[in-house]
Amino acid sequence: MNLSYLPAEFRRRFQARPRVFCAPGRVNLIGEHTDYNDGFVMPAAIDFATYVAVSPREDTCVSVYSKTVGEGFEFDLTQPGRHGGWRDYVAGTAYALQDRGMKLRGANLYIDSDVPLGAGVSSSAALEVATARALLAAAQTLYDPIEVALACQRAENEYVGVRSGIMDQFVSCLGQLNHALLIDCRTLDYEALPIPVGVGMIVCNTMVRHELNGGEYNERRADCEEGARTMGVKALRDATIELVDRCSRILPDRVYRRCRHVVTENGRVLAAADALREENCKRFGELMYRSHR
């Protein structure tokens, strides 16, 4: 993305010289709907990113303009609340950083992005993480990637209303070039796994747009939590396939099928990690096909 225009455009709008921060989108190679069940995932950062130019202010106001959507708004750091739409990803991130004890100050933000919106490559997490990095820099507050990932997840859960897991924000903070990231979503331990030399990822945009805040995502999570309660485990991470199948008669069919997917998917992620370590791409691909089915 050519950002040569950005400093001059920022100065024209805010009469200040900016610093620029970015965060990438992601694809998830394997580990679907496991992150909010304390499970294992394996995403990878992609070479599309959200960029946030920033300059500090002397008050508690944050003035925001997004070139991506062609709109701007302002909010006060001392008055947490909902603002609606894309604004909640920005303002919610600021409030969530403060909720976790990070000090902020007022700032001017100019946002641009080449992460496709609604395409399943986590434009929301890229926006949250890039915003967090910019706001922390403006306040001269230490950037801790795991703390920032947790704050950005809180922003999405509490201020946007999507009960997402930690995967998207975590890989946007900690993804590495030419690596997949194996994440334990309970302990937050992670391992960067090299993608074998000579292997490339092709990410295809089907142009089918999704909206996480449409309710289906939260419904899936609620089904998984119902299944875990019925089986008497803390999270589906703790269930075995034998336990899931034993409870198939008392679980609603949809809940049963979702629980069965999560439990078997955790095993596929760990097997896929072994395949990458061994540079066994054929095996990795077979596991991806099983995950899709």
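Anything mentioned here points back to the structure above.
Residues numbered from 1 in each chain as written. Predicted model: local features only at pLDDT ≥ 70, side-chain atom pairs only at ≥ 80, totals over all residues. Heavy atoms only, no water.

Student: Looking at this structure, how should I read the overall build of the chain?
Tutor: The helix and strand tally for the chain stands at 9 helices and 7 strands. What you see for the chain is a C-alpha radius of gyration of 20 Å, in line with the 19 Å of a compact globule of 293 residues. Overall, the C-alpha framework of the chain stretches about 65 × 45 × 35 Å when taken along its three principal axes. Within the span of the chain, comprising 293 residues, buried residues form 50% of the whole. The contacts in the chain between residues at least 6 apart in sequence include a share of 67% that link residues at least 24 apart. Accessible surface, the chain: about 14100 Å² in total, of which carbon and sulfur atoms supply 48%. A gap of 1 Å separates the mean positions of the 35 positive and 38 negative side-chain charges of the chain. (Helix = DSSP H or I, 4+ residues; strand = E, 2+ residues; numbered from the N terminus. Rg over C-alpha atoms; globule rule 2.2 N^0.38 Å. Buried < 20%, exposed > 50% of the residue type's maximum accessible area, 1.4 Å probe, protein only. Contact = heavy atoms within 4.5 Å. Areas by Shrake-Rupley, 256 points an atom, 1.4 Å probe, with all protein chains shown as cover. Lys, Arg positive; Asp, Glu negative; His and termini not counted. Charge placed at Lys NZ, Arg CZ, Asp CG, Glu CD.)

Student: Can you help me understand helix H4 (residues 145-160) in this one?
Tutor: Helical periodicity: at 3.6 residues per turn, an α-helix aligns residues three or four positions apart in one direction. A rise of 1.5 Å per residue sets the reference length of H4, with its 16 residues, at 22 Å; its end C-alpha atoms lie 21 Å apart and thus fit the reference within 8%. With a side-chain oxygen lying 3.1 Å from the backbone nitrogen of isoleucine 146, the N-terminal cap of H4 falls on aspartate 144. Phi turns positive one or two residues past the end of H4, at glycine 161, with a value near 100 degrees. (Expected span 1.5 Å × (residues − 1). Polar contact = N/O pair within 3.5 Å; in protein donor to acceptor, adjacent residues only side chain to side chain.)

Student: Just checking my understanding: could you explain unusual backbone geometry for this structure?
Tutor: Leave glycine aside and you will find that most residues have negative phi; peptide bonds, for their part, are mostly trans. Here glutamine 15, not a glycine, exhibits a phi torsion of approximately 55 degrees, which is positive. As for its position among the elements, glutamine 15 is in the loop between helix H1 (6-14) and strand E1 (19-30). Unlike most non-glycine residues, asparagine 178 shows phi in positive territory, near 60 degrees. Within the fold, asparagine 178 resides in the loop between helix H5 (167-174) and strand E6 (179-184).

Student: Would you take a moment to explain the environment of histidine 33 for this structure?
Tutor: Its place among the elements puts histidine 33 in the loop between E1 and strand E2 (40-56). Not counting chain neighbours up to four residues away, the residues in contact with histidine 33 comprise Arg220 and Val262. Polar contacts involving the side chain of histidine 33 include one to the side chain of tyrosine 36, which spans 2.7 Å.

Student: Any chance you could explain the nonpolar core here in plain terms?
Tutor: Core analysis: the largest hydrophobic core is formed by 67 residues, its most contacted members being Val64, Phe75, Val90, Leu109, Phe170 and Met231. Sort the elements by how many residues they give to this core and helix H3 (residues 123-138) lands first, with 9 residues. Excluding residues that lie within four positions of it along the chain, valine 90 makes contacts with Val64, Phe73, Phe75, Leu109, Ile111, Leu127 and Thr131. Residues Val27, Val115, Ala272 and Ala273 belong to the second largest nonpolar core, which totals 21 residues. (Core = buried A, V, L, I, M, F, W, Y, C linked by side-chain atoms within 4.5 Å.)

In short, geometric facts, not functional conclusions.
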